[in-house]
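What the coordinates show
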Amino acid sequence: MLGEEALLPERNVVRPPPNRFTHELLADEPYRLDRPERSDKPDGVLPSGTRVVVLVEAPDRCRVVDGRGLYVEVKRDSLRELPAG
């Protein structure tokens, strides 16, 4: 039986997944996977409170990885920096 990661493009999976996080989502955040065909419909939603590591920052968007290793782009203003610790 194939796991969910078998349906994800390889470039959208980070292995091993992170176990320390830099930010969390303030709201449910739709995301699209890196696929050759583009769709207006999101591929999924990261729920509010999801902890992520920010890997790439841009003015409006950031590339993040969640605890499952899912690597996607989200809106910068949907992120809150976690306290250092």
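Before reading further, recall that the structure is shown in the block above.
Residues numbered from 1 in each chain as written. Predicted model: local features only at pLDDT ≥ 70, side-chain atom pairs only at ≥ 80, totals over all residues. Heavy atoms only, no water.

1. Some remarks on the sheet that holds strand E6 (residues 71–75)
Across the sheet, 5 strands lie side by side as E6-E5-E4-E1-E7; this open sheet has antiparallel pairing. Both outer strands of the open sheet, E6 and strand E7 (79–81), are each paired with one neighbouring strand and no more. In this sheet, adjacent strand axes meet at a mean angle of 45 degrees when their direction is disregarded. Two elements, strand E5 (residues 61–66) and E6, share 5 bridges in a ladder whose sense is antiparallel. Residue pairing across strands places Arg63 opposite Glu73, the latter belonging to E6. (Pairing = 2+ DSSP bridges. Helix = DSSP H or I, 4+ residues; strand = E, 2+ residues; numbered from the N terminus. Axes fitted to C-alpha atoms, helices over the stretch in contact; angles between N-to-C directions.)

2. Regarding the pattern of salt bridges
Per the counting criterion, the structure on display carries 5 salt bridges. The salt bridge partner of Arg80 is Glu24, with a shortest N-O separation of 2.3 Å. A residue pair is termed long-range when its members are at least 10 positions apart, and Arg80 in strand E7 and Glu24 in strand E1 (residues 23–25) qualify at 56 residues. We classify Arg80 as partly exposed; its relative accessible area is 35%. Judged by its relative accessible area of 16%, Glu24 is buried. Between Arg68 and Asp66 there is a salt bridge whose closest N-O contact spans 2.8 Å. On the basis of relative accessible area, Asp66 is assigned to the buried category, the value being 3%. (Salt bridge = Lys/Arg side-chain N within 4 Å of Asp/Glu carboxyl O. Buried < 20%, exposed > 50% of the residue type's maximum accessible area, 1.4 Å probe, protein only.)

3. Some points on unusual backbone geometry
Omega for the peptide link from Arg15 to Pro16 comes to -5 degrees, which places this bond in the cis form. Turning to its location among the elements, Pro16 is positioned in the segment before E1.

4. What to know about the environment of Arg20
Here Arg20 lies in the segment before E1. Judged by relative accessible area, which is 70%, Arg20 ranks as exposed. For the pair formed by Arg20 and Asp66, sequence separation is 46 residues and the distance between their alpha carbons is 9.7 Å.

5. Some remarks on the environment of Leu70
The residue Leu70 is located in the loop between E5 and E6 in this model. Judged by its relative accessible area of 5%, Leu70 falls in the buried class. C-alpha of Leu70 to C-alpha of Glu10: the two residues are 60 residues apart in sequence and 9.9 Å apart in space. Other than its neighbours up to four places away in sequence, Leu70 contacts Leu8, Asn12, Tyr31, Leu33, Leu46, Val64 and Val65. (Contact = heavy atoms within 4.5 Å.)

6. A look at the nonpolar core
Core analysis: the largest hydrophobic core is formed by 13 residues, its most contacted members being Leu46, Val64, Leu70, Val72, Val74 and Leu79. Broken down by secondary-structure element, the contributors of at least two residues to this core are strand E4 (51–57), E5 and E6. (Core = buried A, V, L, I, M, F, W, Y, C linked by side-chain atoms within 4.5 Å.)

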